[in-house]
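Given next are the chains, with one letter for each unit.
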Amino acid sequence: MKKLAIIGTTGLPAKYGGFETLTNYLTQHLNTKYKISVYCSSKYFAAKGQRRKEFNNSRLIYLPLNANGYQSIIYDVISIFHALLYADAILMLGVSGAIILPFVKLFSSKPIIVNIDGQEWKRAKWNFIAKKFLHYSERLAVKYADTVITDNKVICDYVKEAYNRESALIEYGGDHAKGKEITPEARVKYPFLCSPYAFTVCRIEPENNVQYILEAYASTPHKTIVVVGLWDHGKFGMELKKFYENHANIILLDPIYNTEELDVLRSNAEVYLHGHSAGGTNPSLVEAMCLGLPVFAYGVSYNRETTKNKAFYFNNVTELVNLINTVKASELEKCGQKMQDLAFEKYTWARIASCYNYEISNLVHIPAEQLSKQFRMTKESTIKVYMPKEKETEVAG
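These numbers were taken from a predicted model, which means no experiment stands behind them.

Chemist: Requested: an account of the packing of aromatic side chains, with residues and values cited.
Modeler: Across all of its chains, the model carries twelve aromatic pairs by this definition. When the ring of Tyr25 is compared with that of Trp349, the centres are 4.9 Å apart and the planes differ by 5 degrees; the resulting orientation is stacked. One end of the pair, Tyr25, is in helix 1 (residues 18–30); the other, Trp349, is in helix 14 (residues 349–364), and 324 residues separate them in sequence. Each member of the pair, Tyr25 as well as Trp349, is classed as buried.

Have a look at this one:
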């Protein structure tokens, strides 16, 4: 059985984060096809009893470094060098460690697959130096990876236009989100469950347009919105919380890490609000779609691509207020069904894992002496972007 190393996450079990959830389901679905090792940050599993030797029949390897921030560069680089000692293939999630890939390719022909995580360098939260570094890392990842993975057709087109390289388009799964009935205990803890409400869960950052959502609902007091996020993490969140927490129809909740409790809240919502303006295919959006929730999404290309232009869209507060006031219950029901049909076709973990297996197996079954030649060829042209349905079924079997 071939050995696969997964690098770039905080580790397993997944507490939060798109890459952590992806790793969780890849190890679930692929542990009979590969001997998988997952690199973990001991900083995130510091409490007694949190560190496991195995999870999902996969080996866990701990490093005493943070997986995020500037330490993520060292964290990923050390992980890569260690993985080269034993792994037949390396799956890098994110581009932090890409700075070392030109050097690695001088002495190793082991295949490296990189999910470049959207246009991370464009995010408003990064300072000038961080943006420059992430952009440079992205460039190196696209140039030196044996396979590049993108999670949204818009990002896929960007990679082709900016770097003249095609990528494997693999989104995220969301079918782990399950509809939950409202229990008497939940009604006591969350009284808003007794009436219709809108819902969103996100990082409290300007690029997620939380300010638009809150302003729109502040001007429509007959409608309730529930927003889950980390409000006390930075100045932006604290100022929003102070300004809006006294509005009777605006309910601001701190992060909920219990998935079942979160599913009770979001699966019983009347509509899901998605304000993200950066990145690619967002995990929280596909989870809401799998739950059959109608979606009001910020109208950027990433969100339109994820929902295939079948949701409702807004670009400012006025447009959102108009949606809140005019979209009928029957239209919401139809939208929710469209979202769920699309999600069950494209955003299931069985399909996503099958796509990753397709890309990994294409590389690990190539003799080592041929990989260097293939790498030179794939700098400009690599495997196709879309995988036919029949091939997905064949690989999954």
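Chemist: Break down the sheet that holds strand 11 (residues 250–253) for me, with residues and values.
Modeler: In spatial order, the strands read 11-10-9-12-13-14; together these six strands make up an open sheet with parallel pairing. Of all the strands in the sheet, just strand 11 and strand 14 (312–314) have a single pairing partner and so form its edges. In this sheet, adjacent strand axes meet at a mean angle of 20 degrees when their direction is disregarded. As defined by bridge partners, strand 10 (residues 225–228) adjoins strand 11 across four bridges and the pair is classed as parallel. Directly across from Val228, in strand 11, lies its bridge partner Leu253. Across the sheet, helix 10 (residues 283–290) lies against strand 9 (198–201), strand 12 (271–274) and strand 13 (295–298), angled at about 165 degrees from strand 12, the strand it touches most.

Chemist: Which residues make up the environment of Ile36, and what values do they have?
Modeler: Following the sequence through the fold, Ile36 ends up in strand 2 (residues 34–41). Sequence-wise, Ile36 and Ile90 are 54 residues apart; in three dimensions their C-alpha atoms are separated by 9.9 Å. Residues within four places of Ile36 in sequence aside, it is in contact with Leu4, Ile6, Leu26, Thr27, Leu30, Asn31, Ser58 and Arg59.

Chemist: Can you lay out the sheet that holds strand 2 for me, pointing to particular residues and giving the numbers?
Modeler: Read across the sheet, eight strands follow the order 3-4-2-1-5-6-7-8 without closing on themselves; strand pairing throughout is mixed. Only two strands of the sheet have a single partner each, and these edge strands are strand 3 (54–55) and strand 8 (168–169). Of the pairings in the sheet, the one linking strand 2 to strand 4 (residues 58–63) comprises five bridges and is parallel in character. Counted as the bridge partner of Cys40 is Tyr62 from strand 4. Sheet strands in contact with helix 1 are strand 1 (2–7), strand 2, strand 3, strand 4, strand 5 (89–93) and strand 6 (112–115), and its direction is about 155 degrees off that of strand 2.

Chemist: With reference to specific residues and values, describe the state of the cysteines.
Modeler: Going through the model one piece at a time under the given rule, you end up with zero disulfides. Between Cys156, a free cysteine, and Cys355, which holds the nearest cysteine sulfur, the sulfur-to-sulfur gap is 13 Å. The thiol of Cys202 is unpaired, and the distance to the nearest cysteine sulfur, on Cys335, comes to 19 Å. Given a relative accessible area of 11%, Cys202 falls into the buried group.

Quick notes on the rules
Residues numbered from 1 in each chain as written. Predicted model: local features only at pLDDT ≥ 70, side-chain atom pairs only at ≥ 80, totals over all residues. Heavy atoms only, no water. Phe/Tyr/Trp six-rings, centres within 6.5 Å; stacked < 30°, edge-to-face > 60°. Helix = DSSP H or I, 4+ residues; strand = E, 2+ residues; numbered from the N terminus. Buried < 20%, exposed > 50% of the residue type's maximum accessible area, 1.4 Å probe, protein only. Pairing = 2+ DSSP bridges. Axes fitted to C-alpha atoms, helices over the stretch in contact; angles between N-to-C directions. Contact = heavy atoms within 4.5 Å. Disulfide = S-S within 2.5 Å.

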